[in-house]
Amino acid sequence: MKNLCRMLAGFHLLLFLSGCLSIGSGPLTNSISIPAGQYKVKHKLPRGFCLDRSANNSNGLQETLVVINCIEVKNGDKPYFSRRPVDTIVNITFTQSRVPKKISQKKYLSEIADKIEFKKFTTAFSNKKPIYGEKKLQNKFFYVNFQMVSSLSRKEFVRKYFFLVDNKVVVMTIVSFHKPSESTYSSFENFIKKLSKLNS
């Protein structure tokens, strides 16, 4: 149990880092490559969203992919993806935090959910006031929901999903500048379920 607590403490540091957002101007693609063992598997993103390859960030501890709003433009035989006004930014952070062999994946996610405190969770947003929301545990993932209000009274709707790919923890942060529709969340939840199938 002590080892699990240490692992969760290290994981919380990665959790805060995964909240950083960035926007680049590089080429867009509607799929991402997911690490699965020694290989990477391509998965198509939900409709209306593209990977911004110039904004990706990687180090020895984690890899973060940045996904933004996009639209497919028909151009003869060579369609391409173009940016559209950004109302939602999605960070997908693949950590190196592996599930111990002696604990089930669902139990591990449950332990993370129990350890998360909203006050500590929102310390990365020092210039914004948090409005606490909810935590909800599902079969393949759990999420935390909250809002942030800036000094200019601008609201940001934040939802962080926690799930497992290749028996490692993945954190997906969805930040919306307008109240997102349930279809946005449900499309990413279906996406998460597909990625979760890569667990060995």
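Sequence positions are assigned chain by chain, starting from 1 and proceeding in written order. Where local features are concerned, this predicted model is filtered to residues with pLDDT of at least 70; where side-chain atom pairs are given and counted, the filter is 80 or more; whole-chain, interface and lining totals use all residues. Water and hydrogen atoms play no part in the side-chain values, which are based on all heavy atoms of the structure.

*Asks:* Before we move on, can you summarise the state of the cysteines with the specific residues and values?
*Replies:* Any pair of cysteine sulfurs within 2.5 Å is marked as a disulfide. Following the criterion strictly, the structure yields 1 disulfide and no others. The partner cysteine of Cys-50 in its disulfide is Cys-70, sulfur to sulfur 2.1 Å. Between Cys-50 and Cys-70 the disulfide shows an S-S torsion of about 65°. By sign, it is right-handed. Of this pair, Cys-50 sits in strand β4 (residues 49-52) while Cys-70 sits in strand β6 (residues 62-73), and the two are 20 residues apart along the sequence. A run of H or I in DSSP becomes a helix once it reaches four residues, and a run of E becomes a strand once it reaches two; helices and strands are each numbered from the N terminus.

*Asks:* Tell me about the pattern of salt bridges, and please be specific about residues and values.
*Replies:* Salt bridges, as used here, are contacts in which a Lys or Arg side-chain nitrogen is within 4 Å of a carboxyl oxygen on Asp or Glu. What the rule picks out here adds up to 4 salt bridges. The salt bridge involving Asp-52 is made with Arg-83; its shortest N-O contact spans 3.1 Å. Of the two residues, Asp-52 sits in strand β4 while Arg-83 sits in strand β7 (residues 80-83), which places them 31 residues apart along the sequence.

*Asks:* For the side chain of Thr-95, give the residues involved together with the corresponding values.
*Replies:* Its place among the elements puts Thr-95 in strand β8 (residues 88-98). At a separation of 3.1 Å, a polar atom in the side chain of Thr-95 contacts the main-chain amide nitrogen of Ser-97. At 2.7 Å, the side chain of Thr-95 forms a polar contact with the backbone oxygen of Val-169. Polar contacts, as used here, are pairs of N or O atoms within 3.5 Å; protein pairs need one atom able to donate a hydrogen and one able to accept it. Residues neighboring in sequence count only if both atoms are side-chain atoms.

*Asks:* Help me get a handle on helix α4 (residues 182-196), residues and values and all.
*Replies:* A helix is expected to span 1.5 Å for every residue after the first. Here α4 is 15 residues long and its end C-alpha atoms lie 21 Å apart, about the 21 Å a rise of 1.5 Å per residue gives. The cut-offs for exposure are 20% and 50% of the maximum accessible area for each residue type, with area from a 1.4 Å probe on protein chains only; residues under the lower value are buried, those over the upper are exposed, and the others partly exposed. Every buried residue of α4 is listed here: Thr-184, Tyr-185, Phe-188, Glu-189, Phe-191, Ile-192, Leu-195 and Ser-196. Summarising the axial view, the buried residues of α4 lie within an arc of 160°, below the 170-degree limit, and thus occupy one face. The arc in question is the one traced by the directions running from the helix axis out to the C-beta atoms.

*Asks:* Run through the confidence of the model for the protein, naming residues and quoting values.
*Replies:* The predicted coordinates ought not to be read in detail in places where the model reports low pLDDT. Model confidence for the protein is summarised by a mean pLDDT of 78, while 79% of its residues fall at 70 or above. As a per-residue measure, pLDDT tells how confident the predictor is, with possible values from 0 to 100. When pLDDT is averaged over each helix and strand of the protein, the minimum, 43, is found for helix α1 (residues 2-17) and the maximum, 93, for β4. We call two residues in contact whenever any of their non-hydrogen atoms come within 4.5 Å of each other. Confidence drops under a pLDDT of 50 for residues 1-26, and excluding neighbours within four residues, the segment shows 60 contacts in the predicted structure.

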